[in-house]
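Chains, contacts and geometry: an overview
The primary structure of each chain is shown beneath.
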Amino acid sequence: MSGLREVSETVTAGAVVAADAEVEGAGTAAPTRTPRALTELSVPGCRLTVAAMEPERADLPPAVFVHGLGGSTQNWALLMDQLAGDVDGHAVDLPGFGQSPPPDDADLSVSAHMRAVVDYLELSARGPVHLFGNSLGGAVATRLAALRPDLVRTLTLISPALPELPPQPTALPTALLAMPGVPGLFGRLVRGQPVEQQTEALLDLCYGDPGLIDAERRQEMVAEYRRRMALPYTMDVLARTARGIVRAYTERGSQALWRQAELVSVPVLLVYGLKDKLVSYRMARRAGQAFWNSRLLVLPEAGHVAMMEYPELVAQQFRELLAETARGAVAASAQ
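Residues numbered from 1 in each chain as written. Predicted model: local features only at pLDDT ≥ 70, side-chain atom pairs only at ≥ 80, totals over all residues. Heavy atoms only, no water.

1. A short note on the overall build of the chain
Formally: Strands here mean DSSP runs of E at least two residues long; helices mean DSSP runs of H or I at least four residues long; both are numbered from the N terminus. For every residue, the accessible area obtained with a 1.4 Å probe (protein chains only) is divided by the maximum for its type, and the residue is called buried under 20%, exposed over 50%, and partly exposed between those limits. Contact definition: two residues touch when any of their heavy atoms are within 4.5 Å. For accessible areas, the Shrake-Rupley method is used with a probe of radius 1.4 Å. Any residue's cover is judged against the shown protein chains and nothing else.
Per the secondary structure count, the chain includes 12 helices and 10 strands. Here the chain holds 335 residues, and the buried ones make up 52% of them. Look at the contacts in the chain between residues 6 or more apart in sequence, and 76% of them connect residues 24 or more apart. By element, 57% of the accessible surface of the chain is carried by carbon and sulfur atoms, the whole surface being about 14400 Å².

Here you go:
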C-alpha cells in the first residue's frame, strides 16, 4: 500500500497540492550565499568536484545533491541556499559533467554514476545523508537508496528519470543522443548557432517558464554552456550517459529501477512539474505507489528543474518531510 500524500495549497480528503505558480521571487532571486568549490576528490577510476554551501551552524545533518543529464552542481545553488539552515549540503559533479573529468574506463551508466557517489560518501564519511536527485540524478539516487540504505536518511526526487514507456514526444531528442552518429549530427546542426540561442533552446526544454530566470543568472548559464561545449569530451559524455539511461530503462529483475524503488525504505519526497517536457507528470502516481513511504509535491507551472524554478516551495516541503520524519522517530522510540 502506498504512503503517498499529495501536497497542495488546497486540502481535500487528507491530500494537499502546491498550486501557486506566482510565488513571489520564484526562480528569480540569486542565492545570498554561493556554493564554494571543494578540492577535487579522487575516487576509484575518476576525480569528482564537489561544491558545498556554508551551513548556518555546525550541527546540521549532511545532505548530498546529484544533478541530471548535462547538469552540474550549479543546478542546486538556489535550493542549497534555501536549505542552509537545515542541512550541511554538498553537491557532486558526476563524472564527465560540470568540473569533473570523464572516468578512466568511460563507463557512464547509471550504476557507474551511482558507484561514484557511493565512493564519495564512503571516502568523505558523510553518510547517512539526506539525498537529493534530479532527472538522471534521481535514477542514480533511487538505485543508491535501494542498494545502500545505510548511506541514506531521506530521499528527495525531482522529476526522476525512472522508466517511462513510451516517453513524451518532447523527450525523444534527448533519447536520440543514445543512438550512434546522432551526437555528431547534433554538433554539425548547431555549429555556427550563437551560444545564446543554443542556451535558450535548452532552457525552453527544461523550464516551465524560462521568463523566471533573471538576466544575471541567464548570463551565467550562457557562460557555463559555452565552457561545456568547448570541452572535447562533452558530446561523447552526453551520448554515453544517454545510452546508460536507455539501458537502465530496459533492465529487468533486481536491476529494474521500478523494482529498486519498491525497496527504498526511507521517507521520500517526490516533486513533479505539470509543464515538464522530459518526465511526464503521469509518472507521479506510479512513483507514489512504488515508493511506499512517500509524499508528492505537484507544481503546476514548473518544468523539469523545480529546484531551480521554485526552490522556496521545494525547500518548504523538504522541511515538512524532516519534521514528519522526526515525529515518526519520536513516536517509534516511545513505543
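2. Thoughts on the nonpolar core
Heads up, the rule is: Remark: nonpolar core denotes a set of buried residues (Ala, Val, Leu, Ile, Met, Phe, Trp, Tyr, Cys) joined through side-chain atoms within 4.5 Å.
Core analysis: the biggest nonpolar cluster contains 54 residues, and Leu131, Leu144, Leu155 and Phe291 have the highest contact counts within it. Ranked by size, the runner-up nonpolar core spans 34 residues in total, among them Ala91, Phe132, Ile213 and Val314.

3. Notes on the pattern of salt bridges
Side chains that differ in charge, positive against negative, can pair when their charged atoms come close. Going by this rule: Each reported salt bridge corresponds to a side-chain nitrogen of Lys or Arg within 4 Å of a carboxyl oxygen of Asp or Glu.
Scanning the model with the defined rule gives 16 salt bridges in all. Of the charged contacts in the structure, one is a salt bridge between arginine 126 and aspartate 88, with a shortest N-O distance of 3.8 Å. One end of the pair, arginine 126, is in the loop between α2 (110-124) and β7 (129-134); the other, aspartate 88, is in strand β6 (residues 88-93), and 38 residues separate them in sequence. Here arginine 218 and glutamate 200 are joined by a salt bridge, their closest N and O atoms 2.5 Å apart. Within this pair, whereas arginine 218 is found in helix α7 (residues 215-230), its partner glutamate 200 is found in helix α6 (residues 195-206), the two being separated by 18 residues in sequence. Judged by relative accessible area, which is 18%, arginine 218 ranks as buried. What you see here is one network of salt bridges that share partners, running through Glu122, Arg148 and Asp150.

4. Brief notes about the packing of α2 against helix α3 (residues 136-147)
Using the following cut-off: An axis is simply a line fitted to the C-alpha atoms; with a helix, the fit covers only the stretch in contact. Between two such axes, the angle follows the N-to-C directions and lies from 0 to 180 degrees. Should the near helix be turned counterclockwise from the far one by less than a right angle, the crossing is left-handed, whereas a clockwise turn marks it as right-handed. Under the grouping applied here, Gly and all other residues not named as nonpolar or charged are polar, the nonpolar ones being Ala, Val, Leu, Ile, Met, Phe, Trp, Tyr, Cys and Pro and the charged ones Asp, Glu, Lys and Arg.
Between α2 and α3, the shortest axis-to-axis distance is 9 Å and the interhelical angle comes to 65°. When you trace α2 past α3, the crossing you get is right-handed. Where α2 approaches α3, its residues Val110, Ser111, His113, Met114, Val117, Val118 and Leu121 are matched on the opposing element by Leu136, Ala139, Val140, Arg143, Leu144 and Leu147. Here the contact of α2 with α3 is composed, by residue class, of 10 nonpolar, two polar and one charged.

5. A word on the packing of aromatic side chains
Rules: Each Phe, Tyr or Trp ring (for Trp, its six-membered ring) is paired with any other whose centre lies within 6.5 Å, and the angle between the two planes then decides the class: stacked below 30 degrees, edge-to-face above 60, tilted in between.
For the structure on display, the rule yields four aromatic pairs. Centroid distance phenylalanine 65 to tryptophan 76: 5.3 Å. Interplanar angle 50°. Geometry classified as tilted. Placement of phenylalanine 65 in strand β5 (residues 62-66) and of tryptophan 76 in the loop between β5 and α1 (77-82) is noted, with a sequence separation of 11 residues between them. Note on phenylalanine 65: relative accessible area 0%, which makes it buried.

6. Remarks on α3
For the record, the criterion: In this scheme, a helix's expected span is set at 1.5 Å multiplied by one less than its residue total.
Between its terminal C-alpha atoms α3 stretches 17 Å, which fits the 16 Å expected from 12 residues at 1.5 Å a residue. Buried residues dominate α3, accounting for 11 of its 12 residues. Residues of α3 that are buried include every one of Leu136, Gly137, Gly138, Ala139, Val140, Ala141, Thr142, Arg143, Leu144, Ala145 and Ala146, and no others. Those residues of α3 hidden inside the fold are in contact with β5, α2, β7, β8 (152-158), α8 (234-250) and α9 (257-263).

7. Some thoughts on the pairing of β5
In plain terms, the rule: We call a crossover right-handed when, viewed with the strands running away from us, the connection from the first strand over the helix to the second turns clockwise. In this analysis, strands are considered paired if DSSP registers two or more bridges between them.
The element β5 is extensively covered by neighbouring structure, given that five of its five residues are classed as buried. Here β5 shows a buried face lined by Pro62, Val64 and Val66 and a second buried face lined by Ala63 and Phe65. Handedness of the crossover is the feature at issue here: the chain leaves β5, passes through α1, returns alongside β6, and the resulting connection is right-handed. Note that β5 and β7 share four bridges and pair parallel. Across the sheet, valine 66 pairs through a bridge with glycine 133, a residue of β7.

8. Thoughts on unusual backbone geometry
The step from glycine 127 to proline 128 runs through a cis peptide bond, and the omega angle for that step is 0°. When you line up the elements, proline 128 lands in the loop between α2 and β7. Positive phi, normally seen in glycine, also occurs at alanine 106, with a value near 65°. Its location among the elements puts alanine 106 in the loop between β6 and α2. The exposure class of alanine 106 is partly exposed, given its relative accessible area of 31%.

9. Structural notes on the pairing of β8
Sheet faces and side chains relate simply in a regular strand, where the side chains alternate between the two faces. The buried fraction of β8 is high, at six of seven residues. Taking the sense of rotation as the criterion, the β-α-β connection linking β7, α3 and β8 turns out right-handed. Pairing of β8 with strand β9 (residues 268-273), which is carried by four bridges, proceeds in the parallel orientation. Among the inter-strand pairings, leucine 157 is bridged to a residue of β9, identified as leucine 270.

10. Side note on α2
For α2, built from 15 residues, the straight-helix expectation of 21 Å at 1.5 Å per residue is met to within 8% by its first-to-last C-alpha distance of 21 Å. Within the sequence span of α2, burial applies to Val110, Ser111, Ala112, His113, Met114, Ala116, Val117, Val118, Asp119, Tyr120 and Leu121. Positive phi appears at alanine 125, one or two residues downstream of α2, with a value of about 55°.

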